[in-house]
Amino acid sequence: MRLGRRDDAVRVARRYRAEAAAKGQPWAMGRAERTLGVVSDGFDEHFEAALGYHERTLEDFETARTRLAYGARLRRARRRVDARPHLHAALETFENLRAARWADLAAIELGATGETIQRRTPGESLTPQELQVSLLLAEGKTTREVAAALFLSPKTIEYHLRKVYTKLDIRSRAELAGRLP
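Residues numbered from 1 in each chain as written. Predicted model: local features only at pLDDT ≥ 70, side-chain atom pairs only at ≥ 80, totals over all residues. Heavy atoms only, no water.

(A) Representation of the environment of Q129 within the structure. Tracing the backbone through its elements, the reader meets Q129 in helix α7 (residues 128-138). Among the residues examined, Q129 registers a relative accessible area of 28% and is labelled partly exposed. Sequence separation of Q129 and L68 is 61 residues, and the distance between their C-alpha atoms is 26 Å. Setting aside its immediate chain neighbours within four residues, Q129 contacts L150, L152 and H160. (Helix = DSSP H or I, 4+ residues; strand = E, 2+ residues; numbered from the N terminus. Buried < 20%, exposed > 50% of the residue type's maximum accessible area, 1.4 Å probe, protein only. Contact = heavy atoms within 4.5 Å.)

(B) The arrangement of helix α4 (residues 60-76) in detail. The first and last C-alpha atoms of α4 sit 24 Å apart over 17 residues, in line with the 24 Å expected at 1.5 Å per residue. For α4, the full list of buried residues reads E62, A64, T66, L68, A69, Y70, G71, A72 and L74. Trailing α4 by a residue or two, R78 shows a phi angle of about 65 degrees, which is positive. (Expected span 1.5 Å × (residues − 1).)

(C) Structural detail: the pattern of salt bridges. Applying the stated rule across the entire model yields 21 salt bridges. Across the pair D44 and R79 runs a salt bridge whose closest N-O atoms are separated by 2.8 Å. Of the two residues, D44 sits in helix α3 (residues 43-54) while R79 sits in the loop between α4 and α5 (80-96), which places them 35 residues apart along the sequence. In this structure, R84 and E115 form a salt bridge, with 3.3 Å as the shortest nitrogen-oxygen distance. Here E115 lies in the loop between α6 (100-112) and α7 and R84 lies in helix α5, a separation of 31 residues in the sequence. On the basis of relative accessibility, which here comes to 26%, the residue E115 falls in the partly exposed class. Several salt bridges converge on common partners, so that one network encompasses R31, R34, E59, E62 and R65. (Salt bridge = Lys/Arg side-chain N within 4 Å of Asp/Glu carboxyl O.)

(D) Main features of the confidence of the model for the chain. When pLDDT is averaged across the chain, the result is 88; 96% of the residues are at 70 or more. For the chain, helix α10 (residues 173-179) is the element with the lowest average pLDDT, namely 84, and α4 is the one with the highest, namely 93. (pLDDT = per-residue confidence, 0-100.)

(E) Main features of helix α9 (residues 154-168). Taking 1.5 Å as the rise per residue, α9 with 15 residues should run 21 Å; its terminal C-alpha atoms sit 21 Å apart, in good agreement. Every buried residue of α9 is listed here: I157, H160, L161, K163, V164, Y165, T166, K167 and L168. In this structure, the buried residues of α9 make contact with α5, α7, α8 (143-150) and α10. In the stretch just after α9, D169 is the one whose phi turns positive, near 55 degrees.

Below, the structure is given as structure tokens:
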């Protein structure tokens, strides 16, 4: 696409989609639909399909890449307001994953929508929800026990835990217990 060879790009994207369909895996389909979204005129349906496939995986990075690509296409289609939620989500995920170059790309796209960007700094404090999850886990409760206590899903607890690990620069629950009061 960047070389101005749109027809070739569309052909490659369609072949990639066919190969992904043969695999039948959500991760492959999500990436293939994102690729079609980048090259297609009717890009919304492809990006929405990609996000649907990403929901069935644990690939936060790939989901953020799709949101970044979708937001960029929306912005270029002069749909700045529609682009912002995708770009904000991409920026947050890239920052959580410490993918600085990707976060920079998302911030540039977000800035191009006219949005003021609040970049997070390393060592940022935990949100009240993250602190609550962390304290319960540090007490030795399981993910399922914490989920039940807070009326959340275990997947949501794991999401908060990943963010806590990133913010505190730790890698285990034992380290978590040592870092909390």
